Amino acid sequence: MNFSKLVLASAFALSTFAAPVAAKDWKAATITLEGAYAPWNMTNADGTLGGFEPELAKVLCERAKIECTLVASDWDGMIPALNAGKFDVIMDALSITEDRKKVIDFTIPYAATPAAFATAKDSPLANAAGTGATIKMTPGQTGVKEVEALKEAFKGKTIGIQAATVYAKFIYDNFGDIAEVREYKTGADRDLDLQTGRIDLGFDDAVYFANAFQSANDSLAFTGPEIVGPIWGEGEGLGIRQADTDLRDKFNEAIKSALADGTVKNLSMKWFKVDVSPQN
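Being a predicted model, the structure only gives us computed values, none of them experimental.

About the thresholds
Each chain carries its own residue numbering, running from 1 in the direction its sequence is written. With pLDDT at 70 or above as the cut-off, local features in this predicted model cover only qualifying residues; side-chain atom pairs require 80 or more to be listed or tallied, and sums for whole chains, interfaces and linings still use all residues. Where side-chain values are given, they derive from all heavy atoms of the structure, hydrogens and water being excluded. Note on method: axes are straight lines fitted to C-alpha atoms, helices fitted across the in-contact stretch only, with angles between N-to-C directions ranging 0 to 180 degrees. Secondary structure follows DSSP: runs of H or I at least 4 residues long count as helices, runs of E at least 2 residues long count as strands, and numbering of each begins at the N terminus. An angle below 35 degrees is treated as roughly parallel, one above 145 as roughly antiparallel, one from 65 to 115 as roughly perpendicular, and anything else as oblique. Put simply, a crossing is left-handed when the front helix is turned counterclockwise from the back one by less than a right angle, and right-handed when it is turned clockwise. Residue contacts follow a heavy-atom distance rule, with two residues in contact if any of their heavy atoms lie within 4.5 Å. For this scheme, ten residues count as nonpolar: Ala, Val, Leu, Ile, Met, Phe, Trp, Tyr, Cys and Pro. Four count as charged, namely Asp, Glu, Lys and Arg, and the remainder, Gly too, count as polar. Whether two aromatic rings pair depends on their centres lying within 6.5 Å, for rings of Phe, Tyr and Trp, where Trp uses its six-membered ring; planes under 30 degrees apart make the pair stacked, over 60 edge-to-face, and the rest tilted. Three labels apply to residues, based on accessible area from a 1.4 Å probe with only protein chains included: buried if under 20% of the type maximum, exposed if over 50%, partly exposed otherwise in between. These domain limits were set by an automatic method or by a database of domain assignments. A 1.4 Å probe defines the accessible area here, and the buried area is the portion of it lost by two parts on being joined, summed over both. Salt bridges are counted wherever a side-chain nitrogen of Lys or Arg sits within 4 Å of a carboxyl oxygen of Asp or Glu. Here a polar contact means two N or O atoms within 3.5 Å. Within protein one must be a hydrogen donor candidate and the other an acceptor candidate, and residues neighboring in sequence count only if both atoms are side-chain atoms.

> Teacher, can you tell me more about the packing of helix α7 (residues 187-195) against helix α8 (residues 206-215) here?
For any two helices packed against each other, one specifies the inter-axial angle together with the distance between the axes. Packing of α7 against α8 brings their axes to within 11 Å, and their N-to-C directions diverge by 55°. When the axes of α7 and α8 are compared, the pair comes out oblique. Relative to α8, α7 is oriented so that their crossing is right-handed. Together, G187, A188, R190 and D191 of α7 and Y208, F209 and A212 of α8 make up the contact between the two elements. The residue inventory of the contact of α7 with α8, partitioned by class, reads four nonpolar, one polar and two charged.

Printed below as a string of structure tokens:
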């Protein structure tokens, strides 16, 4: 038998007798959150993580029979760190999008929320066209009359966004050519500049902003319409490595259960004062 045939034969033998790779048991998992995106998640005075997602995580982990550890990490590095094995799950109001699906997997959504602009209550940009209304958009959609009206009103202004979010992409795509876009590491940093007048507008998750307004002593308010629909993806889900389908499936069943029995609704009413459960 020549050398090449020997190699092929050896490879065949190894593939024939090697034991199949067993699925991981997942008795324990580490979940990362930003700890700075209230009321989705926040860092309490004692250093523990609190908010809607930590409370929901406790329920999901109990139902999946997984012992979970929650850790805080920087938002903009979460996806690379997940794939590097630094933790097992991202739970940080992470929108399920096609672009993100190319590098990580997702559970089914446990929430779906609108996005909106915010500005100072006494700003000339307050009560822009469409304030109080809701519009539905799809990815890449252009020529939406309400957005065109906002582009005219916000021309030459400064819009603050949190980096590496679906909301950042929306602002760059629709307002990048008519306004200055300023990126922030956290939403709280952006909100402080908005409150003190260093920027004119902010754009973010609407339920996040509703909570932020209280921290800003009600000096901020929504302006323009809320934007909903597939433009933000399928909703917010748990981010999981593509190889960990067994972990994804465990959490999918737990999320289905928590949606079906009203747990998600009850927690969202507690933290957001609205039901953020995904609507079929």
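Still to come is the rest of the account.
> It is not clear to me how the packing of aromatic side chains should be interpreted in this structure. Could you clarify?
Aromatic ring pairs are defined here through the distance separating the ring centres and the angle between the ring planes. Evaluation of the coordinates by the stated rule reveals 19 aromatic pairs. Between F52 and F272, the ring centres sit 4.9 Å apart and the planes meet at 50°, which makes this aromatic pair tilted. Remark: F272 occurs in helix α10 (residues 263-272) and F52 occurs in helix α2 (residues 52-64); sequence separation between them is 220 residues. Here F52 and F272 have matching classes, each one buried. Relative to W232, the ring of F170 lies with its centre 5.4 Å away and its plane at 70°, an arrangement referred to as edge-to-face. Of this pair, F170 sits in helix α6 (residues 166-175) while W232 sits in the loop between β13 (220-228) and β14 (239-240), and the two are 62 residues apart along the sequence.

> Help me understand the environment of L33, please; the structure alone is not making it clear to me.
For L33, the location among the structural elements is in strand β1 (residues 28-33). Note: C-alpha distance between L33 and A93 (60 residues apart in sequence) is 8.8 Å. Residues contacting L33, with those up to four places away along its chain left out, are N41, L49, E53, P54, L70, V71, A72, S73, M78, M91 and D92.

> What's the story with the domain arrangement of the protein in this structure? I'm lost.
When the parts of a complex come together, some accessible area is lost, and that lost area is often used as the size of the interface. Taken as a whole, the protein is organised into domain 1 (28-112 + 233-272) and domain 2 (115-228). Counting residues at the interface gives 13 residues for domain 1 and 13 residues for domain 2. Regarding the contact of domain 1 and domain 2, the summed buried area is about 1100 Å², with carbon and sulfur atoms giving 52% of it. For the domain 1 face of the interface with domain 2, the top three residues by lost area are Y37, W75 and D76, together amounting to 37%. Where domain 1 meets domain 2, there are two salt bridges. The interface formed by domain 1 and domain 2 contains six residue pairs in polar contact (both at pLDDT 80 or more). Looking at the side of domain 1 that touches domain 2, its residues break down into six nonpolar, two polar and five charged.

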